[in-house]
Amino acid sequence: MVTVRRSALAQPCDGKLFPEPGEVLSYGSDLRQRRDLRSPRPLGELRLCARGIQRRRGFISALSGQRCSMTQSVIVQVGQCGNQIGCCFWDLALREHAAVNQKGIYDEAISSFFRNVDTRVVGDGGSISKGKICSLKARAVLIDMEEGVVNEILQGPLRDVFDSKQLITDISGSGNNWAVGHKVFGSRYQEEILEKLRKSAEHCDCLQCFFVIHSMGGGTGSGLGTYLLKVLEDEFPEVYRFVTSVYPSGEDDVITSPYNSILAMKELNEHADCVLPIDNQSLFDIISKIDLVVNSGKLGTTIKPKSLVTSSAGTFKKWQEKPFDAMNNIVANLLLSLTSSARFEGSLNMDLNEISMNLVPFPQLHYLVSSLTPLYTLADVNVPPRRLDQMFSDAFSKDHQLIRADPKHSLYLACALMVRGNVQISDLRRNIERLKPSLQFVSWNQEGWKTSLCSVPPVGHSHSLLALANNTCVKPTFVELRERFLRLYKKKAHLHHYLQIEGMEESCFTEAESSLSALIREYNQLDATKSMPVEDLPRLSVAV
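Everything quoted here is computed from the prediction, not taken from an experiment.

### Structural notes on the overall build of the protein chain
Phase 1: Counting its regular elements, the protein chain contains 18 helices and 15 strands.
Phase 2: When burial is assessed residue by residue, the protein chain has 58% of its 544 residues classed as buried.
Phase 3: Taking contacts inside the protein chain between residues at least 6 apart in sequence as the whole, the part at least 24 apart equals 83%.
Phase 4: For the protein chain, the accessible area works out to roughly 23900 Å², and carbon and sulfur atoms hold 50% of it.

### Observations concerning the sheet that holds strand β1 (residues 72–78)
Phase 1: Strand order across the open sheet formed by six strands is β5-β4-β1-β6-β7-β8, with parallel pairing between neighbours. Taken across any chain shown, the strands that pair with only one partner, and hence form the sheet edges, are β5 (167–169) and β8 (274–279). Looking at each pair of strands side by side, their axes are set apart by 15 degrees on average, direction ignored.
Phase 2: Strand direction decides the pairing type here: β1 and strand β4 (residues 140–144), joined by four bridges, are parallel. Considered in β4, the bridge of valine 78 is made with isoleucine 143.
Phase 3: In the packing of helix α4 (residues 79–100) onto the sheet, the strands contacted are β1, β4, β6 (207–215) and β7 (240–247), and the crossing angle to β1 comes to about 140 degrees.
Phase 4: Of the strands in this sheet, β6, β7 and β8 are in contact with helix α11 (residues 324–338), which crosses β8 at around 150 degrees.

### Considering unusual backbone geometry
Phase 1: Residue proline 374 follows threonine 373 across a cis peptide bond; omega there is 0 degrees.
Phase 2: When you line up the elements, proline 374 lands in the loop between β10 (369–373) and β11 (381–382).
Phase 3: At asparagine 176, a position not held by glycine, the phi torsion is positive, near 55 degrees.
Phase 4: Mapped onto the elements of the fold, asparagine 176 is located in the loop between β5 and α7 (178–202).
Phase 5: Residues other than glycine seldom take positive phi values, yet lysine 492 does so here, at roughly 55 degrees.
Phase 6: Considering the arrangement of structural elements, one finds lysine 492 in the loop between α16 (475–490) and α17 (495–499).
Phase 7: Using a relative accessible area of 40% as the deciding quantity, one classes lysine 492 as partly exposed.

### Digging into the packing of aromatic side chains
Phase 1: Across all of its chains, the model carries 25 aromatic pairs by this definition.
Phase 2: Both rings, one in tyrosine 259 and one in phenylalanine 509, keep their centres 5.3 Å apart while their planes meet at 70 degrees; by these two values the pair is edge-to-face. Remark: phenylalanine 509 occurs in helix α18 (residues 506–527) and tyrosine 259 occurs in helix α9 (residues 257–271); sequence separation between them is 250 residues.
Phase 3: Of the residues examined, tyrosine 259 reaches a relative accessible area of 0% and is grouped as buried.
Phase 4: The class for phenylalanine 509 is buried, based on a relative accessible area of 0%.
Phase 5: Within the aromatic cluster, the residues linked to one another by ring pairs are Phe89, Trp90, Phe113, Phe114, Phe162, Phe211, Tyr240 and Phe242.
Phase 6: Taking the ring centre of tyrosine 489 as reference, the NZ or CZ of lysine 492 above it sits at 4.1 Å.

### A few points about the pairing of β4
Phase 1: Here β4 lies mainly inside the structure; five of its five residues are buried.
Phase 2: Neither face of β4 is left uncovered, since the one carrying Ala140, Leu142 and Asp144 and the one carrying Val141 and Ile143 both have all their residues buried.
Phase 3: Bridging between β4 and β5 involves three bridges; their strand directions are parallel. Along β5, the bridge assignment pairs leucine 142 with leucine 167.
Phase 4: Once you follow β4 into helix α6 (residues 148–155) and on to β5, the crossover reads as right-handed.

### Things to note about the nonpolar core
Soluble, globular proteins show a tendency: their nonpolar side chains are buried together.
Phase 1: One finds Val76, Leu197, Met265, Tyr367 and Phe478 to be the most contacted residues of the largest nonpolar core, which totals 67 residues.
Phase 2: Tallying contributions element by element places α7 first for this core, with nine residues.
Phase 3: When near neighbours in sequence (up to four residues on either side) are disregarded, tyrosine 367 contacts Tyr247, Met265, Leu268, Asn269, Val275, Ala469, Asn470, Val474, Phe478, Leu519 and Tyr523.

### Some points on helix α14 (residues 388–395)
Phase 1: Among all positions of α14, only Leu388, Met391, Phe392, Asp394 and Ala395 are buried. Along the axis of α14, the buried positions cluster into a sector of 160 degrees, meaning they face one direction only.
Phase 2: For α14, the elements touching its buried residues are β10, β12 (411–421), α15 (425–435) and β15 (463–471).

### Digging into α7
Phase 1: The end-to-end C-alpha distance of α7 is 31 Å, clearly below the 36 Å that 25 residues give at a rise of 1.5 Å each.
Phase 2: At glutamine 190, α7 shows its largest kink, close to 60 degrees.

### Section: the pairing of β15
Phase 1: Within β15, nine of the nine residues are buried, leaving the element largely enclosed by the surrounding structure.
Phase 2: Where burial is concerned, the two faces of β15 agree: the one with His463, Leu465, Ala467, Ala469 and Asn471 and the one with Ser464, Leu466, Leu468 and Asn470 are both buried.
Phase 3: Of the strand pairs in this sheet, β10 and β15 are connected by five bridges, and their pairing is antiparallel. Counterpart to leucine 372 in the pairing with β15 is leucine 466.
Phase 4: Note: β12 against β15, nine bridges, orientation antiparallel. Directly across from valine 419, in β15, lies its bridge partner leucine 465.

### Some words on the environment of glycine 131
Phase 1: Counting through the fold element by element, glycine 131 comes out in the loop between β2 (114–117) and β3 (135–138).
Phase 2: In this view, glycine 131 contacts Gly104, Ile105 and Tyr106; residues no more than four positions away in its chain are not counted.

### Examining the pattern of salt bridges
Phase 1: Under the counting rule described, the total for this entry stands at 20 salt bridges.
Phase 2: Here glutamate 96 makes a salt bridge to arginine 420, at a shortest N to O gap of 3.2 Å. With a gap of 324 residues between them, glutamate 96 in helix α4 and arginine 420 in strand β12 connect regions that are remote in the sequence. Judged on exposure class, the residue glutamate 96 and its partner arginine 420 are both buried.

### Description of the confidence of the model for the protein chain
Phase 1: Confidence along the protein chain averages 81 in pLDDT terms, with 77% of residues attaining 70 or more.
Phase 2: In the predicted structure, residues 1–67 sits below a pLDDT of 50 and forms 92 contacts with residues beyond four places in sequence or in another chain.
Phase 3: Taken as a whole, residues 303–322 scores under 50 in pLDDT and shows 32 contacts with residues more than four places along the chain or in a different chain.

### Looking at the side chain of glutamine 401
Phase 1: Take glutamine 401: it is sitting in the loop between α14 and β12.
Phase 2: Within the local environment of glutamine 401, its side chain forms a polar contact with the backbone oxygen of alanine 395, the two atoms lying 3.0 Å apart.
Phase 3: Within the structure, the side chain of glutamine 401 is placed 2.8 Å from the backbone oxygen of serine 397, a separation counted as a polar contact.
Phase 4: Residues within four places of glutamine 401 in sequence aside, it is in contact with Ser282, Ile286, Val369, Ser370, Ser371, Ala395, Phe396 and Pro407.

Quick notes on the rules
- Residues numbered from 1 in each chain as written.
- Predicted model: local features only at pLDDT ≥ 70, side-chain atom pairs only at ≥ 80, totals over all residues.
- Heavy atoms only, no water.
- Helix = DSSP H or I, 4+ residues; strand = E, 2+ residues; numbered from the N terminus.
- Buried < 20%, exposed > 50% of the residue type's maximum accessible area, 1.4 Å probe, protein only.
- Contact = heavy atoms within 4.5 Å.
- Areas by Shrake-Rupley, 256 points an atom, 1.4 Å probe, with all protein chains shown as cover.
- Pairing = 2+ DSSP bridges.
- Axes fitted to C-alpha atoms, helices over the stretch in contact; angles between N-to-C directions.
- Phe/Tyr/Trp six-rings, centres within 6.5 Å; stacked < 30°, edge-to-face > 60°.
- Lys NZ or Arg CZ within 6 Å of the ring centre and 35° of its normal.
- Right-handed = clockwise from strand over helix to strand, strands pointing away.
- Core = buried A, V, L, I, M, F, W, Y, C linked by side-chain atoms within 4.5 Å.
- Arc of directions from axis to C-beta.
- Expected span 1.5 Å × (residues − 1).
- Bend = angle between axes of the 7 residues up to and from the residue.
- Salt bridge = Lys/Arg side-chain N within 4 Å of Asp/Glu carboxyl O.
- pLDDT = per-residue confidence, 0-100.
- Polar contact = N/O pair within 3.5 Å; in protein donor to acceptor, adjacent residues only side chain to side chain.

Here it is, written out as structure tokens:
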């Protein structure tokens, strides 16, 4: 748990109220130096820490001179995978806001991810904070060291959503080499990346989070994507860094993906606030289940014409060609549900700072296992809705996890339930009480639940549920990754491709493997406490 000195929070450095551009407040470096503390804090100190972190994380909102009711976030799409997922995200976000905001008024909900721009005004003076929607521009930075995917986006139906000044591309690509993305392109494009990020931040009234979307197996996503995290930490230490990382499957066709993934893992351990690991194989299995349900013809299940899970001919795709669009769509829906409370009203809202504060008790154990239900949140699949109680049960089954994991048979550190639609608080409480006996939480956090209710459901559904679990079930993914790395590294296979890059040494690999092994040991230590009796903590008695 990060600790915060109250005096530092109350008195910024040198007596100045706000830092100069590029300057970090004195308590920012102190916070980073103390990220490696491990032991759980007493409850009172946890609450004090929570208030301190929220003040630190809300620093940019203070620049406007008042408390912001709605926050903004910036999506940073890195590499081929990151940009393809990002494209799906922006498409679904536009659909969702169009379904809710039918009057075409630019409101706080839309401002979370979009700017309203008058295209008739040249330069940056065309932003409009109120009134009718003129032209929406995504709060996004698109980065890829090959031009292909970004050019496709700019020639597609979403081309007008992206600001051409917020794109960074190269021609050569990273050649599936983390070292090229991190060491070569990182240093080459650092200033340009910083300029784009600063420009995105300047367009926000209350910037709360950078969402980084990337893959772990390629060169640009893993290398430049994790280089970007260090840049964000240094330049915007008070803004959250949530990372959606797509992990390669065991049958990945990139032979060097174990090297890339383990080098990227070290950077994620050190520089991310929360990581949402996604497994390619799990996404493929989910799409296969949808295929099975649709082809079975049960209960009138159909695919809508011209949907994202159909081909251009209008017939259902055969999964011999991998359904990347549909797989990416699931990840996009995860991000939409994660940010629903920040965008829409609800009886029980959950902010991003509450996710980090409640679900991450130790700095490096910030990997959150996610599950979506109903599975068919593609909004293009007509299936009968799941019963409410069944939806909660599904969220804890291994078939609905976005990585290959079984959380019910592992140890929970904490769990968040983010419900959307027409659901009552009583329904939420009833289902938690029903499921609690079958779930094992750490002895010192038996009531480790965080819940939210957003009144706006996903398009085409009456309700949905996103579950985020800090659970030791993520450990097998890391163990398998380390085993795949060691098989290559023991033979020194393909190592010369990395070592010929300036700044790369064999110690980079050994340090990355040590970092991952240390993470696995922490999960092992937690798993070893599963059989420990639950502490009956003394309660404060109040004399009447």
